[in-house]
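# Remarks on the overall topology
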Amino acid sequence: MPVIAPGSTIGILGGGQLGRMMAMAAAQLGYSVHIYAPEADSVAAEVSAAFTRAPFHDRDALAAFAAQCDVVTYEFENVPVAPLTALGAVPLRANARALEIAQDRLAEKNFITRLGGTAAPFCELDDEAGLQAAIAAVGAPGILKTRRDGYDGKGQWRIMAPGDANEMCVPPIPMLYEGFVRFEAEFSVILVRSLAGQVRFWDSAANVHVNGILSRCTVPGGATVMAQVPAARRLAERVATELDYVGVLTLEFFATANGPVFNEMAPRVHNSGHWTIEGAITSQFENHVRAICGLPLGDCGLRVPGAVMENLIGTTAEEALPILNDPSAHLHLYGKGEAREGRKMGHVTRLVLDEAVAARAEGPA
Ligand code: AMP
């Protein structure tokens, strides 16, 4: 397998905090990073060697960017796929098919169920007119989700009773209405697959979301999660193999009384894997870099008995600083400007060094 050696340039599509942490891991291994993003204030570009600011559909800009890169990856899954042919012979890892499937909730669910996974019951609709029929078919409560471009709870509307739909103003775009899953916990499976097809998994954290945004991850994830991890991992590995995937891949699940129910997949490093920076032998960011460059993978095992990661959402740097009074806390601030409501400004990982305390953690508190 051809190795992209340290000293080469890794291109990253997307300029947010995932790109920033990926760039820092790449720098540790001696790579240069070139960020490609449409926005002017990229927190990834701030820590990288080069920055192309251009729209994702600008083929000329993509071709010029690719000419300066040895491999291209992405930190954001809503990059339009068709213009990526402008990257030419420069390898895109993970590949465009993974991106294409993960961008569309319908394609994703069909793909997962074809591979033997279970997803929440759902119905497709194209506008408000189809909503009542969808609610009648699937039942309420449920969640209406845009098929594309949704993230962090955006593009989602909760419907507690069929009557709720009467007051809603739904955009005329392709959507899914999904039945509400009664889950005991939420968790994700994060794996890395090398260029040669070797697969490794990190421990699965129990994830707690508030208003559709990830709030906290706890590792170990507790008995409920751990019992469902083997089946979820089998599905995730089938996904990775089927896509001939290279890099870090994340699948999110609901742990239910009937086993793991697939929620969504992200063809990239993931917020629920941030604890791996301090809590695992090799972080998700470093292993992603290793995988896309054809290097041997690092061990994904825990290096401490446990870890708890909390997102700092809408928190200013000033508000976050007292966290440093806890000597076990690792504070990450993303260097974003304004601390708006719902905006991920940073995260904190607290390592659990006591075996007994980690074993007692039952994931979501
Ligand atoms: P998503 O953007 O689809 O990952 O949704 C964000 C969060 O909303 C999930 O992590 C869950 O906490 C919640 N959620 C989404 N879909 C469902 C569902 N069908 N049933 C119950 N909770 C859901």
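The written sequence of each chain sets the order in which its residues are numbered from 1. Owing to the predicted nature of the model, reporting of local features is limited to residues with pLDDT of at least 70; listing and counting of side-chain atom pairs is limited to 80 or more, with chain, interface and lining totals taken over all residues. The side-chain numbers reported here are obtained from all heavy atoms of the structure, hydrogens and water having been left aside.

### Describing the sheet that holds strand 5 (residues 122-125)
- Read from one edge of the open sheet, four strands run 5-8-6-7, paired in antiparallel fashion. With partners counted over all chains shown, the strands left at the sheet margins are strand 5 and strand 7 (156-159), one partner each. Neighbour to neighbour, the strand axes of the sheet diverge by 20 degrees on average, direction disregarded.
- Pairing of strand 6 (residues 142-146) with strand 7 involves four bridges; the strand directions are antiparallel. Pairing of Ile143 across the sheet is with Arg158, part of strand 7. A pair of strands is considered paired only if DSSP assigns at least 2 bridges between the two. Note on conventions: DSSP H or I runs of at least 4 residues are helices, E runs of at least 2 residues are strands, and numbering of each starts at the N terminus. Axis angles are defined between N-to-C directions and span 0 to 180 degrees, where every axis is a line fitted to C-alpha atoms and, for a helix, only to the segment in contact.

### A look at a negative patch on the surface
- Like charges are joined within 9 Å and nonpolar side chains (Val, Leu, Ile, Met, Phe, Trp, Tyr) within 5 Å, but only among residues with over 30% relative accessible area and no salt bridge; these make up the patches. Note on areas: Shrake-Rupley with a 1.4 Å probe; residue coverage comes only from the protein chains shown. Salt bridge criterion: a side-chain nitrogen from Lys or Arg within 4 Å of a carboxyl oxygen from Asp or Glu. Counted as positive: Lys and Arg. Counted as negative: Asp and Glu, with His and the chain ends omitted from the count. All charge positions are set by atom: Lys at NZ, Arg at CZ, Asp at CG, Glu at CD. Judged by side-chain charge, Glu124, Asp126, Asp127 and Glu128 come together as a negatively charged surface patch.
- Following the sequence through the fold, Asp127 ends up in the loop between strand 5 and helix 5 (131-138).

### Structural notes on the environment of Met226
- On the secondary structure map, Met226 appears in helix 6 (residues 223-242).
- What makes Met226 partly exposed here is its relative accessible area of 47%.
- Sequence spacing of Met226 and Asn271 is 45 residues, and the spatial spacing of their C-alpha atoms is 19 Å.
- Contact criterion: two residues are considered in contact whenever any of their non-hydrogen atoms come within 4.5 Å of each other. When near neighbours in sequence (up to four residues on either side) are disregarded, Met226 contacts Pro220 and Gly221. Per-residue accessibility, obtained with a 1.4 Å probe over protein chains only, is compared with the maximum for each type, and a residue is labelled buried under 20%, exposed over 50%, and partly exposed between these values.

### Observations concerning the packing of helix 1 (residues 17-28) against helix 8 (residues 284-292)
- Across the interface, helix 1 lies against helix 8 with an axial gap of 8 Å and an inter-helix angle of 65 degrees. Comparing the axis directions of helix 1 and helix 8 gives the class roughly perpendicular. In this structure, the crossing between helix 1 and helix 8 has a hand that is right-handed. In contact with Leu18, Met21, Met22, Ala25, Ala26 and Gln28 of helix 1, helix 8 contributes Phe285, Glu286, His288 and Val289.
- Each residue gets one label: Ala, Val, Leu, Ile, Met, Phe, Trp, Tyr, Cys and Pro are nonpolar, Asp, Glu, Lys and Arg are charged, and the others, such as Gly, are polar. Residues belonging to the contact of helix 1 with helix 8 are distributed by class as follows: seven nonpolar, two polar and one charged. Here is the rule for angles: anything less than 35 degrees is roughly parallel, anything more than 145 is roughly antiparallel, 65 through 115 is roughly perpendicular, and the remaining ranges are oblique. Two helices that cross are described as forming a left-handed crossing if the nearer one is turned anticlockwise from the farther one by less than a right angle, and a right-handed crossing if clockwise.

### Some words on the layout of surface pockets
- Cavities and pockets were defined on a 1 Å grid built from protein atoms only: a cavity is a group of points that admits a 1.4 Å probe but offers it no way out, a pocket is an open group of points flanked by protein on both sides within 12 Å along at least five of seven lines, and a lining residue is one with an atom within 4 Å of any such point. Grid points are joined across faces, edges and corners, and a volume is the space filled by probe spheres set on the points. For the second largest pocket, the calculated volume is near 200 Å³.
- In terms of lining, the second largest pocket is formed by 14 residues, of which the most central are Met21, Ala25, Gln28, Ile277 and Ser283.
- Looking at the lining of the second largest pocket, the elements with two or more residues in it are helix 1, helix 7 (276-279) and helix 8.
- Tallying contributions element by element places helix 1 first for the lining of the second largest pocket, with four residues.
- For the lining of the second largest pocket, the per-class residue count stands at seven nonpolar, five polar and two charged.
- Counting only domains with at least three residues in the lining of the second largest pocket, you end up with domain 1 (9-92) and domain 3 (185-361). The start and end points of each domain follow an automatic or database-based domain assignment.

### Digging into the sheet that holds strand 3 (residues 50-53)
- On the basis of which strands lie adjacent, the open sheet formed by four strands has the order 3-2-1-4 and parallel pairing. Whereas interior strands pair on both sides, the edge strands pair on one side only; in this sheet they are strand 3 and strand 4 (71-74). Neighbour to neighbour, the strand axes of the sheet diverge by 20 degrees on average, direction disregarded.
- Across four bridges, the pairing between strand 1 (residues 9-13) and strand 4 is parallel.

### Considerations on the site of the ligand
- Whether a residue is near a molecule or strand is decided by its heavy atoms; if any one of them lies within 4 Å of it, the residue is near. Among the 16 residues in the neighbourhood of the ligand, the closest are listed as Lys145, Gln156, Glu178, Glu186 and Glu264.
- In protein, a polar contact requires one atom able to donate a hydrogen and another able to accept it; more generally it is a pair of N or O atoms within 3.5 Å, and residues adjacent in sequence count only if both atoms are side-chain atoms. Interatomic distance of 3.1 Å between a side-chain N/O atom of Arg105 and an oxygen atom of the ligand.
- The backbone of Gly179 places a nitrogen or oxygen atom 3.0 Å from a nitrogen atom of the ligand.
- Notes on the ligand: free accessible area 470 Å², of which the protein chains cover 96%.
- Going through the elements one at a time, strand 6, strand 7, strand 8 (175-179) and strand 14 (259-266) are the ones with two or more residues in the shell around the ligand.
- A breakdown of the residues in the shell around the ligand according to their chemical character gives five nonpolar, five polar and six charged.
- Residue-level mapping places the shell around the ligand at the junction of two domains, with at least three residues from each of domain 2 (121-179) and domain 3 (185-361).

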